[in-house]
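Now for the letters of each chain:
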Amino acid sequence: MNSSTYIFGELSDGYTQYPEDSSSNLFKSIQSQCVAPSGLVIHRDENLMYYVYIRKIDKKRFIGFAVVINGYYLPQIHRLFSIFEKGVEELVEKGVIINFTNDGEISSDLTSLAKEEEEAMSVVGDLHTKVYAIKEAKRLPPVDYSVSIYSRKIFKVSDPVQEIVNASCRFGFTIVLKDKDFDTVRLTSFKSILKNLNAEKTALIIQNNKLEESNRNIRRQKKQFKKVVMLFLAVIACGFGLYLMNVNLSNTQYRLERANSTIYENESLISNLRDSVSVLGNDLHRATRIKQRVENSLQRICSYAPFAVTRCEVSAGEFEFDYYSPEEKEVTLTLRAVNERNSEVVSNTHTLTLSKGNGSATLSFARTLDISYFYYVFIIYDGHIVAGKRW
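The notes below deal with the structure included here. (Residues numbered from 1 in each chain as written. Predicted model: local features only at pLDDT ≥ 70, side-chain atom pairs only at ≥ 80, totals over all residues. Heavy atoms only, no water.)

## Focus: the overall build of the protein
Part 1: Within the protein, the secondary structure is distributed over 6 helices and 18 strands.
Part 2: Within the span of the protein, comprising 391 residues, buried residues form 39% of the whole.
Part 3: Looking at the protein alone, contacts between residues at least 24 apart form 61% of all its contacts between residues at least 6 apart.
Part 4: Summed over its atoms, the accessible surface of the protein is roughly 22500 Å², and 51% of this surface lies on carbon and sulfur atoms. (Helix = DSSP H or I, 4+ residues; strand = E, 2+ residues; numbered from the N terminus. Buried < 20%, exposed > 50% of the residue type's maximum accessible area, 1.4 Å probe, protein only. Contact = heavy atoms within 4.5 Å. Areas by Shrake-Rupley, 256 points an atom, 1.4 Å probe, with all protein chains shown as cover.)

## Some words on the pairing of strand β12 (residues 308-314)
Part 1: One ladder, built from 6 bridges, connects β12 with strand β13 (residues 318-325); its direction is antiparallel. Opposite A308, over in β13, you have Y324 as the bridge partner.
Part 2: Between β12 and β13, which follow one another and run antiparallel, lie 3 residues. (Pairing = 2+ DSSP bridges.)

## Observations regarding helix α2 (residues 77-94)
Part 1: Helix length check: α2, at 18 residues, gives a terminal C-alpha distance of 26 Å against a target of 26 Å (1.5 Å per residue), a fit within 8%.
Part 2: Following α2 by one or two positions, G95 adopts a phi angle in the positive range, close to 75°. (Expected span 1.5 Å × (residues − 1).)

## Examining the pairing of β13
Part 1: Because side chains alternate across β13, one face comprises the buried residues F319, F321, Y323 and S325, and the other comprises E318, E320, D322 and Y324, none of which is buried.
Part 2: Looking at chain direction, β13 and strand β16 (residues 357-364) are connected through 8 bridges and run antiparallel. Considered in β16, the bridge of F321 is made with A361.

## Considerations on the sheet that holds β12
Part 1: Pairing within the open sheet is antiparallel, and its 3 strands lie in the order β12-β13-β16. At either end of the open sheet lies a strand with only one pairing partner, and these are β12 and β16. Neighbour-to-neighbour, the strand axes of the sheet open up by a mean angle of 20°, direction not taken into account. (Axes fitted to C-alpha atoms, helices over the stretch in contact; angles between N-to-C directions.)

## Considering the pattern of salt bridges
Side chains carrying opposite charge are able to pair once their charged atoms draw close together.
Part 1: In this structure the tally under the stated criterion is 17 salt bridges.
Part 2: Note that D126 is salt-bridged to K130, the shortest N-O span being 3.3 Å. Placement of the pair is D126 and K130 together in helix α3 (residues 117-132), with a separation of 4 residues, close to one helical turn.
Part 3: Measuring nitrogen to oxygen at the nearest pair gives 2.9 Å for the salt bridge that ties R170 to D144. With R170 in helix α4 (residues 161-170) and D144 in the loop between β9 (138-139) and β10 (152-156), this residue pair connects regions lying 26 residues apart in the sequence. (Salt bridge = Lys/Arg side-chain N within 4 Å of Asp/Glu carboxyl O.)

## Considering a positive patch on the surface
Part 1: Side chains of R219, K223, K226, K227 and R274 sit close together on the surface and give a patch of like positive charge.
Part 2: Top element by residues in the positive patch is helix α5 (residues 185-245). It accounts for 4 residues.
Part 3: Here K226 lies in helix α5.
Part 4: With a relative accessible area of 48%, K226 lands in the partly exposed category. (Patch = residues over 30% accessible without salt bridge, like charges linked within 9 Å, V, L, I, M, F, W, Y side chains within 5 Å. Lys, Arg positive; Asp, Glu negative; His and termini not counted. Charge placed at Lys NZ, Arg CZ, Asp CG, Glu CD.)

## Concerning the sheet that holds strand β11 (residues 173-178)
Part 1: Read across the open sheet, the 7 strands follow the order β2-β1-β5-β4-β3-β11-β10; overall the sheet is mixed. At either end of the open sheet lies a strand with only one pairing partner, and these are β2 (14-18) and β10. Across this sheet, the average inter-strand angle for adjacent strands is 15°, counted without regard to direction.
Part 2: Two elements, strand β3 (residues 38-45) and strand β4 (residues 48-56), share 8 bridges in a ladder whose sense is antiparallel.

## As for α4
Part 1: I164, V165, A167, S168 and C169 are the residues of α4 that are buried.
Part 2: Where α4 is buried, its residues contact β3, β4, β6 (72-73), α2, β10 and β11.

## Thoughts on the packing of aromatic side chains
Part 1: Summed over all chains, the structure comprises 11 aromatic pairs.
Part 2: On the numbers, 6.1 Å between centres and 10° between planes, the contact of F65 with F84 is stacked. Of this pair, F65 sits in strand β5 (residues 62-70) while F84 sits in helix α2, placing them 19 residues apart in sequence. An identical accessibility class is assigned to F65 and F84; each is buried. (Phe/Tyr/Trp six-rings, centres within 6.5 Å; stacked < 30°, edge-to-face > 60°.)

## Quick look at the nonpolar core
Part 1: Counting residues in hydrophobic clusters, the biggest one holds 45 residues, and the most contacted among them are I7, L40, Y51, F65, I97 and I98.
Part 2: Going through the elements one at a time, β1 (3-11), β3, β4, β5, α2, α3 and α4 are the ones with two or more residues in this core.
Part 3: Counting residues per element, this core draws most heavily on α2, at 8 residues.
Part 4: If you look at the next biggest cluster of nonpolar residues, it comprises 24 residues, including V314, F321, Y323 and V386. (Core = buried A, V, L, I, M, F, W, Y, C linked by side-chain atoms within 4.5 Å.)

## Observations regarding the side chain of R61
Part 1: With respect to the secondary-structure elements, R61 resides in the loop between β4 and β5.
Part 2: For R61, a relative accessible area of 19% puts it in the buried group.
Part 3: Polar contacts involving the side chain of R61 include one to the main-chain carbonyl oxygen of S108, which spans 3.0 Å.
Part 4: Residues contacting R61, with those up to four places away along its chain left out, are E10, L11, S12, K56, S107 and S108. (Polar contact = N/O pair within 3.5 Å; in protein donor to acceptor, adjacent residues only side chain to side chain.)

## A few points about unusual backbone geometry
Part 1: In this chain, Y18 is followed by P19 through a cis amide linkage whose omega measures -10°.
Part 2: The phi angle at S343 is positive, at roughly 60°, despite the residue not being glycine.
Part 3: Judged by relative accessible area, which is 52%, S343 ranks as exposed.
Part 4: We note that D382 has phi near 55°; this positive angle belongs to a residue other than glycine.
Part 5: If you trace the backbone, D382 turns up in the loop between β17 (375-381) and β18 (384-390).
Part 6: Judged by its relative accessible area of 60%, D382 falls in the exposed class.

Structure below.
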């Protein structure tokens, strides 16, 4: 199957494409026909079939992939969407051509694909390999010359696939729009994590600003208090002068002692306020370290499993565990128990649906474990051990 692949888009400094050739005018005109956040535009030109995927970044910018096939057409529309959406996920993870912003939105600072030619070449090569692996390509039927090459047929991705495929072979442009669920599960998870972390960061910044403002107010109060104390001492000095002139020594002494007591109380108040500022600063430092640990933990967990096990208990007949999942998801888990003494393995597979947030689940063993032996018990997801216990 003879095919060519492209990556193109409207990035930070206008339209760019790799590799560059005469197809750029076609791709520019095609992207304007995609009115949804993502879509697949199929264009037939004699024996050439153009499969052009558009993913919008914002109102002006977009990223796209294109596959041009000579003499054949691809009937697997949903598989093409999966290939292209996975390609967007990989681009975002690498962060060279497009990347995530701090608030979890896709963006790009790249002005031209030519500046990252090695990365663009790798993307095009990988896309070509994935498309070439599709073995169900079929020969194109003869061109229907009763239909204009500029004719258009618009579908939603939920429409019957065979109708879309038949239209793509007959009409000049067949547009398949997808206005939701165009991000992969992994990409959606990354977005959610980044938005939550950004919200936490913003809250900490606001809290820090409030603490700094409180500290500034305390310093101002301290300066004002010093002035009050100095004024008060001046009054005392005047009172002491009057004392020399006044026979009522005991009354003057009482006033002086009371003034000293007030000064001591205010100094204690200032000391307490300083301690409060120090405690608040320590709390902010601890919150920052906790936030960093949470970010690192989420990155490690999301690298191999869509959920985290927070507690597990084992009995002779079953394995019970609590978990946290960022979204509702169906998973297939392998429950395995290995006899510590003779290495006997008791293993079976369970498919269950994890609820969003905190939850618990119970998995039964293939047979009851012998309580006279110790076992290493663990659950496996996608080839990775996600929890375990010696029992």
